[in-house]
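Understanding the architecture of this molecule
Residue-level listing of the chains:
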Amino acid sequence: MKATDKLTPLEAVNKIRNDRNGQVVMVLQGGGALGAYQGGVYQALHEAGIEPDWIIGTSIGAINASIITGNKPEDRLEKLKEFWQLVERANFWGAFPAWAGVADALSSWMTLTKGISGFFEPHTRAFLGAHVKLGADNAGYYSTAPLRKTLEELVDFNLLNQGRPRLTVGAAHVRSSVMHYFDSRDMKLTPNHIMASGALPPAFPAVRIDGELYWDGGILSNTPAERIFEDNPRRNSLIFAVHLWNPTGSEPDTIWEILHRAKDIQYSSRISSHIVRQRETHRLRHVINHLMRFVPDEAKKDPLVKELAGYGCPTRMHVVRLLAPRLDNESLIKDIDFSPAGIRMRWEAGFADTTAALTNQPWIGEWDPLEGVILHEPQQGAEPAAEMKMGEAMTAPAGPAPAGLSSHKLAAE
């Protein structure tokens, strides 16, 4: 293709969709107020005429995902904006630039003491003491009853359960600490499933589903990308992995900075370690698929050969990682920064980063036939090198951050 024959974003995405029943997937992390970034990501896709085929979400990612999948395409963006306007914490001092830091701190303090309209409210008895019996279904500092009402108003669960797009939300089973995925392809989803995915302890109480309690899936896997690699049947995929927590950071030298950095590490993506494992597995699937070409037709009829051939797979996964930026003066409590400025800046960043990715189209190109998983990074150093195997080189980004995207060919050469 000539340089002048630049594809539109929709045409570039459809290159994947039209290749062996390919799909477009969004993977949305948990992160409270940081989830406004995901709204901007969706807006950029939506305005380019791109609607996802499958959304996988955890916590705030599950809430955003349910609003998208539970509305008609023409209503999705407005409903998403309506939710973020509802949870916005207005403040008087924000009108004065010189008091911006005070306004943000006050907004976060008000969130802790008063809750967020349409999301959560204080559970008074929980503040009487850590050993006060609250009951397993109510044990949390806040009640999420307002969130249930919001979901019922903004999400058409009958439409959501039609599975177009497909929705998967992750939650942690309280008694066994096993990750459980609730999938609209396999079952009927309700507000309970969305709320369970966002029931972060000890702030929010666990949610009971079919007699069992579930917590926020982020405490086990805050970026459930592995669900795509494990799906059956696997399909060629263009995956927009939307990450809210920074995996890299400076060395902290105060207790406050330590708590902030520890939180980033706890909830940041493990996508490189996932891909290091998946690339070898997927490469072997490609190798099996390739070797079957040399097996005589008569031998292919053997039941054992058929079984072994079943481990082969020709699919390829392109992972476009979108990373929310650090804002000035953000801290440990950034995930409860529901201030107008915080929401606006994160939303705008999500829109800009996704627009850049759609312009650059890093998934378009020629790839080694044995490569099954390819990671496209937003900028150099976005993922710690320690996640990679010893001796592996990482390609420099194609352009300046944050607009540039580099492609890491993570399947072994």
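Rules behind the numbers
Residues numbered from 1 in each chain as written. Predicted model: local features only at pLDDT ≥ 70, side-chain atom pairs only at ≥ 80, totals over all residues. Heavy atoms only, no water. Helix = DSSP H or I, 4+ residues; strand = E, 2+ residues; numbered from the N terminus. Contact = heavy atoms within 4.5 Å. Areas by Shrake-Rupley, 256 points an atom, 1.4 Å probe, with all protein chains shown as cover. Pairing = 2+ DSSP bridges. Buried < 20%, exposed > 50% of the residue type's maximum accessible area, 1.4 Å probe, protein only. Right-handed = clockwise from strand over helix to strand, strands pointing away. Salt bridge = Lys/Arg side-chain N within 4 Å of Asp/Glu carboxyl O. 1 Å grid on protein atoms, 1.4 Å probe; cavity = no way out; pocket = protein on both sides within 12 Å on 5 of 7 lines; lining within 4 Å. Points joined across faces, edges and corners; volume = space filled by probe spheres on them. Phe/Tyr/Trp six-rings, centres within 6.5 Å; stacked < 30°, edge-to-face > 60°. Lys NZ or Arg CZ within 6 Å of the ring centre and 35° of its normal. Lys, Arg positive; Asp, Glu negative; His and termini not counted.

Looking now at the overall build of the chain. For the chain, the helix and strand inventory stands at 14 helices and 12 strands. Of all intrachain contacts in the chain linking residues separated by at least 6 positions in sequence, the fraction that spans at least 24 positions is 75%. Taken as a whole, the chain presents about 19,400 Å² of accessible surface, with 56% of it coming from carbon and sulfur.

Our next topic: the pairing of strand β8 (residues 212–216). Direction of pairing for strand β5 (residues 166–173) relative to β8: antiparallel, over a ladder of 3 bridges. By the bridge assignment, Ala-171 is partnered in β8 with Asp-216. For strand β7 (residues 207–209) and β8, the ladder comprises 3 bridges, and the chain directions are antiparallel. Of the residues in β8, the one forming a bridge with Ile-209 is Glu-212.

Across the 6 residues of strand β1 (residues 23–28), 6 count as buried, placing the element largely inside the fold. For β1 and strand β9 (residues 237–243), the ladder comprises 6 bridges, and the chain directions are parallel. By the bridge assignment for β9, Val-24 is matched with Leu-238. Here 4 bridges tie β1 to strand β2 (residues 54–57), and the two strands are oriented parallel to one another. By the bridge assignment for β2, Met-26 is matched with Ile-55. The parallel pair β1 and β2 is bridged by helix α2 (residues 36–47), and the resulting crossover is right-handed.

Before going further, it helps to spend a moment on the pattern of salt bridges. Overall, the coordinates contain 21 salt bridges when judged by the stated rule. A salt bridge links Arg-17 to Asp-53; the shortest N-O distance between them is 2.9 Å. With Arg-17 in helix α1 (residues 9–17) and Asp-53 in the loop between α2 and β2, this pair connects stretches of sequence that are 36 residues apart. Across the pair Arg-227 and Asp-183 runs a salt bridge whose closest N-O atoms are separated by 3.9 Å. Pair noted here: Arg-227 is in helix α9 (residues 226–229) and Asp-183 is in strand β6 (residues 179–183), with a separation of 44 residues, a long-range link. With a relative accessible area of 1%, Asp-183 lands in the buried category. Each of Arg-166, Asp-183, Arg-185, Asp-186, Arg-227 and Asp-231 takes part in salt bridges that share partners, so that together they form one network.

With that settled, consider the layout of surface pockets. A water-sized probe rolled over the atoms picks out the places where empty space is left. The computed volume of the largest pocket comes to approximately 670 Å³. Lining the largest pocket are 32 residues, and of these Leu-200, Ala-203, Phe-204, Asp-335 and Ile-336 lie nearest its centre. Counting only elements with at least two residues in the lining of the largest pocket, the list comes to α3 (60–69), α5 (100–114) and α10 (255–267).

Counted under the stated rule, the structure contains 14 aromatic pairs. With centroids separated by 5.2 Å and ring planes inclined at 70 degrees, the aromatic side chains of Phe-119 and Phe-120 adopt a geometry described as edge-to-face. Residue classification places Phe-119 among the buried residues on the basis of a relative accessible area of 7%. Ring geometry for Trp-245 versus Tyr-267: centroids 5.4 Å apart, planes at 35 degrees, classification tilted. In this pair, Trp-245 is assigned in the loop between β9 and α10 and Tyr-267 in helix α10, connecting sequence segments 22 residues apart. Trp-245 sits in the buried class, given a relative accessible area of 2%. Among the aromatic residues, those joined into a cluster by ring pairs are Phe-83, Trp-84, Phe-119, Phe-120, Phe-127, Tyr-141, Tyr-142, Phe-204 and Phe-338. Taking the ring centre of Trp-54 as reference, the NZ or CZ of Arg-166 above it sits at 3.7 Å.

Moving on to the side chain of Arg-285. With respect to the helices and strands, the residue Arg-285 is situated in helix α11 (residues 271–291). Nearest to the buried, unbridged Arg-285 among oppositely charged side chains is Glu-230, at 8.4 Å. Contacts of Arg-285, omitting those with residues within four sequence positions, involve Phe-229, Arg-234, Gln-278, Tyr-311, Gly-312 and Cys-313.

Now for the environment of Pro-201. Position of Pro-201 among the secondary structure elements: in the loop between α8 (191–197) and β7. In this structure the C-alpha to C-alpha distance between Pro-201 and Ile-219, which are 18 residues apart in sequence, comes to 8.9 Å. For Pro-201, the contacting residues outside a window of four places in its chain are Trp-215 and Ile-219.

This part covers the side chain of Arg-316. Following the sequence through the fold, Arg-316 ends up in the loop between α13 (303–309) and β10 (317–323). The buried charged residue Arg-316 lacks any salt bridge partner; its closest oppositely charged side chain belongs to Glu-371, at an N-O distance of 5.6 Å. Contact partners of Arg-316, with chain neighbours within four places excluded, come to Asn-236, Ser-237, His-282, Trp-367, Asp-368, Pro-369, Glu-371, Gly-372 and Ile-374.

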